[in-house]
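Next come the chains, spelled out residue by residue.
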Amino acid sequence: MVLGTRPEVVKLAGVIRGLGTDAQVVHTGQHYDDSLSGGIFRGMGLPEPHVRTARAGGLPRVEQMSSMIGRLGEVFACARPSVVVVQGDTNSASAGAQAAHYLGIQVVHVEAGLRSYDRTMPEEINRRVIGVLADVHCAPTEGAAAHLRAEGVEPDRIHLTGNTVIEAVLASLPGPAARAAVLRRYGLGPGGFVLATVHRPENTDDPERLGAILAELAGLDLPVLLPMHPRTGTRTWQYGLEPLLAGLRVVEPVDHATFLALAHEARLLVSDSGGVQEECTVLKKPLVVVRNNTERPEAIAHGFAVLAAPGPELGERARAMLRDSGLAARLAARPSPFGDGRASDRIVALTRALAERAVPRTRRDSEHPAVAAPGVRPATLPSPATVPAGPTPSGGDPCTDHPTQQVSPVEASSPPPAAAAMPLSSSPH
């Protein structure tokens, strides 16, 4: 299991638990800021990773990708796993899929088939690269499965599993008493505030877009709570936009359970996060997506979310949702389009089935039937919508069963803390 960011830990938690001692978790260090990565494994009830490679976060993307592919290749060449599982569209996922493929190791892609058709998004490139390399594609929706078929992926390698976000939210959402305690901590009342997050480079790396977003949020009629992503905080300071924060309630990043508690009690969500687009459908909360486009159109099609550009459109869409007195009741009655909460079980079954076959390059060996698992149907219907081991990485043996504390060789020349708070040029995510 390869991961490197907080969302990957959240979404793969159920799969890691399901695979138990058969799974070895490798963390790439893509997220290294303590506010994002600190305690996430404990928070999700998971053991620490078996292997932590040298920190990759904070490097330019080309260096980050080459570093991760090389170091993951060393780990895989030593451990020789039957299957490598990657999730989503992060640099860590792409590097994991590439390193595994180059060593003849089968790849399972969780959350396969999402497409924005925007090649300026690093995530889109990562998704497409993994789509070419994966042996088993776990599509969260019929639409995602249709994208894969349209790109020539053999239908019997595509499995409609649903999205693991459903069970992740249900497992992590605090109960009523804990949610009330969170509200007291922040001085908020139920339904009396807007919860916002901003972190994508398309928004944070453009001073006009970031300024427009902060200004529109500050102009809303309800208090706006903004857990500040390290990248966003750095850019706000660099661009001289701190005065715009005066109208917002800016707080440090929060852990996943706290975020879910706040989102559950908020009147409205505003975010550029892909994961929040999924989580809002489980929490039954309206969301304004501050993006040019989205690879998760299901949330919009089912009425949970609207797309808005930074600037006046953001404010207009947010106010319209706040004025809609019947919106909460309508959303409460709608099922999530992302599945039934059993995606992790299906992915575990598929992974075990693939590992038991232990036939490399299944995607290209047509004489072997595609992998199948009980209770998982291939998405075949038209959609309605021996490489020698390399040197041991610094900091520890990649084959160890114990976490290794890694120190990146670039640490000595790292930027000052304000600039190193979060990778600025190497997202996603």
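Residues numbered from 1 in each chain as written. Predicted model: local features only at pLDDT ≥ 70, side-chain atom pairs only at ≥ 80, totals over all residues. Heavy atoms only, no water.

Of regular secondary structure, the protein possesses 19 helices and 13 strands. Counting over 429 residues, the protein shows a buried share of 57%. For the protein, the exposed area adds up to about 16,600 Å²; of that, 57% sits on carbon and sulfur atoms. (Helix = DSSP H or I, 4+ residues; strand = E, 2+ residues; numbered from the N terminus. Buried < 20%, exposed > 50% of the residue type's maximum accessible area, 1.4 Å probe, protein only. Areas by Shrake-Rupley, 256 points an atom, 1.4 Å probe, with all protein chains shown as cover.)

Once that is clear, we can look at the pairing of strand 6 (residues 136–139). Residues of strand 6 alternate between two faces, with Val136 and Cys138 on one and His137 and Ala139 on the opposite face, all of them buried. The pairing of strand 5 (residues 106–110) with strand 6 spans three bridges and is parallel. For Val110, the partnering residue across the bridge sits in strand 6 and is Cys138. The parallel pair strand 5 and strand 6, bridged by helix 6 (residues 122–133), forms a crossover whose chirality is right-handed. Pairing of strand 6 with strand 7 (residues 158–160), which is carried by three bridges, proceeds in the parallel orientation. Pairing of Cys138 across the sheet is with His159, part of strand 7. Between the parallel pair strand 6 and strand 7, the chain is carried across by helix 7 (residues 142–150), and the sense of this crossover is right-handed. (Pairing = 2+ DSSP bridges. Right-handed = clockwise from strand over helix to strand, strands pointing away.)

Another point: the sheet that holds strand 4 (residues 83–87). Pairing is parallel across the open sheet formed by four strands, whose spatial order is 4-5-6-7. Of all strands in the sheet, those bounded by a partner on one side alone are strand 4 and strand 7. Pairwise comparison of adjacent strand axes, ignoring direction, gives a mean angle of 20° for this sheet. Where helix 5 (residues 91–102) meets the sheet, it contacts strand 4 and strand 5, and its direction lies at approximately 160° from that of strand 4. (Axes fitted to C-alpha atoms, helices over the stretch in contact; angles between N-to-C directions. Contact = heavy atoms within 4.5 Å.)

Okay, the sheet that holds strand 1 (residues 2–3) next. Strand order across the open sheet formed by three strands is 1-2-3, with parallel pairing between neighbours. In the strand order of this sheet, the two ends are held by strand 1 and strand 3 (51–52), each with one partner. As defined by bridge partners, strand 1 adjoins strand 2 (residues 26–27) across two bridges and the pair is classed as parallel. Across the sheet, the residue bridging to Val2 is Val26, located in strand 2.

Close contact between helix 9 (residues 176–186) and helix 13 (residues 256–265) brings their axes to 9 Å; oriented N to C, the two are set at 90°. As far as their axial angle goes, helix 13 and helix 9 are roughly perpendicular. In this structure, helix 9 uses Arg179, Val182, Leu183, Arg185 and Tyr186 to contact helix 13, whose residues at the interface are Thr258, Ala261, Leu262, His264 and Glu265. Of the residues contributing to the contact of helix 9 with helix 13, the split by class is five nonpolar, two polar and three charged. (Parallel < 35°, antiparallel > 145°, perpendicular 65-115°, else oblique. Nonpolar A, V, L, I, M, F, W, Y, C, P; charged D, E, K, R; others polar.)

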